[in-house]
Amino acid sequence: MTARIGVVTFPGSLDDRDTQRAIRVAGAEPVALWHKDKDLKQVDAVVLCGGFSYGDYLRAGAIARFSPVMEPLLEQAKAGLPVLGICNGFQILTEAHLLPGTMLRNDHLHFICRDQKLRVENAETSWTTDYSAGQEIHIPLKNNDGQYVADAYTLDKLEAEGRVAFRYLDFNPNGSQRDIAGVSNEAGNVVGLMPHPEHAVEPLIGTGRTDGLPFFTSILKKLVNV
Amino acid sequence: MARVVVDVMLKPEILDPQGQAVQRALPRLGFDGISDVRQGKRFELEVDGPVDEAALARIHDLAESFLANTVIEDFTIRVEEVAEAVK
């Protein structure tokens, strides 16, 4: 049986269809979840996709964090359900305290959209096993509130525990502390990052490379092997 | 009915790029002598019924869990007298 991966659509989500497509390209079955759903339809993993949930009023991701769908998601993520948060999804995961730190407005105050070089720092999370540690990849980045911040104690802890999953290379696009582009939780099942792997799974679109595809094949392999 | 005001400000140690952008614009507008600007948010909550200790405790929870992100922001709560229908 093929793995079923849920993609949550909040009002204001933009990348739900691209994310569903990436999941399909990787060989899994995308399952559309709605922000008002009170259960997760027995999916094997969930992706919180990019966009501007609830208009990002208040703070990016702050209102989405209290959606009905987040209740079962929080509970099951803590019990080991793999969850990937991309961009706005990452912001939602920090607001929900599933991931540490938070996101501020980009230090230069501009929306930014570019092909971004990253280094994969941790290839052992549920979403990164098809990469190798130290691998350099290019995937698109587009955000307004992408400046990752946390206190020094949290940052040191993340570094010591190998939970800085991705780092910006060559150019820090938003002033993120220690060039952090993505982090994972302690167990490695919850991962968040600002750049968009779902936009780089087919050579015809995005960067022209398919450097984002291993996110979705990693989770597929993990779920099939479980 | 009473009004409770929740002010949310970035913690002092957190860089405030919006405030800095405002501050940088001041000399251009002819305002000199302002060395720092920090931008915050003000929420005005119209509360039905009395603003007693229990109500304030609930608003404290609301501010802590939702209105402010305590990773980066501090908040203060105060009760404001609402003037009766001034026209």
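Nothing here was measured: the structure is a model prediction, and the numbers come from that model.

Focus on the overall build of chain A
So, point 1. Regarding its fold elements, chain A presents five helices and eleven strands.
So, point 2. Over its C-alpha trace chain A gives a radius of gyration of 16 Å, about what one expects of a compact globule, namely 17 Å for 226 residues.
So, point 3. Over its C-alpha atoms, taken along the principal directions, chain A stretches across nearly 45 × 35 × 35 Å.
So, point 4. A buried classification covers 61% of the 226 residues belonging to chain A.
So, point 5. Long-range contacts, defined as pairs at least 24 residues apart, comprise 73% of the intrachain contacts of chain A with a sequence gap of at least 6.
So, point 6. A total of about 9,100 Å² of accessible surface is found on chain A, and carbon and sulfur atoms cover 50% of it.
So, point 7. Distance from the positive charge centre (22 side chains) to the negative charge centre (28 side chains) of chain A: 3 Å.

Quick notes on helix H2 (residues 53-67) of chain B
All names here are of chain B.
So, point 1. Every buried residue of H2 is listed here: Ala55, Ile59, Ala63 and Leu67. All buried residues of H2 lie within an arc of 80 degrees about the axis, which places them on one face of the element. Counted as exposed and oriented over 90 degrees from the buried face of H2: Glu53, Ala54 and Arg58.
So, point 2. On its buried side, H2 packs onto strand S1 (2-10), strand S2 (41-47) and strand S3 (73-80).

Some points on the environment of tyrosine 57 of chain A
Residue and element names in this part refer to chain A.
So, point 1. In this fold, tyrosine 57 is placed in the loop between strand S3 (45-48) and helix H2 (70-78).
So, point 2. The class of tyrosine 57 is exposed, set by a relative accessible area of 62%.
So, point 3. Separated by 106 residues in sequence, tyrosine 57 and arginine 163 have C-alpha atoms that sit 29 Å apart.

Considerations on the interface of chain A and chain B
Quite often, the size of an interface is put as the accessible area lost when its parts meet.
So, point 1. Taken residue by residue, the interface counts 15 residues in chain A and 16 residues in chain B.
So, point 2. A combined buried area of about 1,200 Å² lies between chain A and chain B, and 70% of that area is made up of carbon and sulfur atoms.
So, point 3. Taken together, the connections running from chain A to chain B amount to one salt bridge.
So, point 4. When the shortest N-O distance is used, the salt bridge between arginine 59 of chain A and glutamate 73 of chain B registers 3.7 Å.
So, point 5. The interface formed by chain A and chain B includes five residue pairs in polar contact (both at pLDDT 80 or more).

Here we look at the confidence of the model for chain B
So, point 1. Scored by pLDDT, chain B has a mean of 91; 93% of the residues are at 70 or more.
So, point 2. Across the assembled chains, the prediction reports ipTM 0.77 with pTM 0.91.

What to know about the packing of helix H1 (residues 16-26) of chain A against helix H5 (residues 213-225) of chain A
In a pair of packed helices, the angle between the axes and the distance between the axes together describe the arrangement.
All names here are of chain A.
So, point 1. For the pair H1 and H5, interaxial distance at closest approach is 9 Å and the crossing angle is 60 degrees. With respect to H5, the element H1 is oriented oblique. For the crossing formed where H1 meets H5, the hand is right-handed. In contact with Ala22, Ile23, Val25 and Ala26 of H1, H5 contributes Leu213, Phe216, Thr217 and Leu220.
So, point 2. Its residues assigned to classes, the contact of H1 with H5 comprises seven nonpolar, one polar and no charged.

Some points on the sheet that holds strand S9 (residues 164-168) of chain A
Residues and elements named next belong to chain A.
So, point 1. Read across the open sheet, the nine strands follow the order S2-S1-S3-S4-S11-S10-S9-S6-S7; overall the sheet is mixed. Here the strands that pair on one side only, and so sit at the sheet edges, are strand S2 (29-34) and strand S7 (136-143). Across the sheet, the mean angle separating the axes of adjacent strands is 25 degrees when strand polarity is ignored.
So, point 2. Contacting strand S1 (4-9), S2 and S3, H1 runs over the sheet at an angle of about 175 degrees to S1.

About the criteria used
Residues numbered from 1 in each chain as written. Chains lettered and ligands numbered in written order. Predicted model: local features only at pLDDT ≥ 70, side-chain atom pairs only at ≥ 80, totals over all residues. Heavy atoms only, no water. Helix = DSSP H or I, 4+ residues; strand = E, 2+ residues; numbered from the N terminus. Rg over C-alpha atoms; globule rule 2.2 N^0.38 Å. Buried < 20%, exposed > 50% of the residue type's maximum accessible area, 1.4 Å probe, protein only. Contact = heavy atoms within 4.5 Å. Areas by Shrake-Rupley, 256 points an atom, 1.4 Å probe, with all protein chains shown as cover. Lys, Arg positive; Asp, Glu negative; His and termini not counted. Charge placed at Lys NZ, Arg CZ, Asp CG, Glu CD. Arc of directions from axis to C-beta. Buried area = accessible area lost by both parts, 1.4 Å probe. Salt bridge = Lys/Arg side-chain N within 4 Å of Asp/Glu carboxyl O. Polar contact = N/O pair within 3.5 Å; in protein donor to acceptor, adjacent residues only side chain to side chain. pLDDT = per-residue confidence, 0-100. Axes fitted to C-alpha atoms, helices over the stretch in contact; angles between N-to-C directions. Parallel < 35°, antiparallel > 145°, perpendicular 65-115°, else oblique. Left-handed = near helix turned anticlockwise from the far one by under 90°. Nonpolar A, V, L, I, M, F, W, Y, C, P; charged D, E, K, R; others polar. Pairing = 2+ DSSP bridges.

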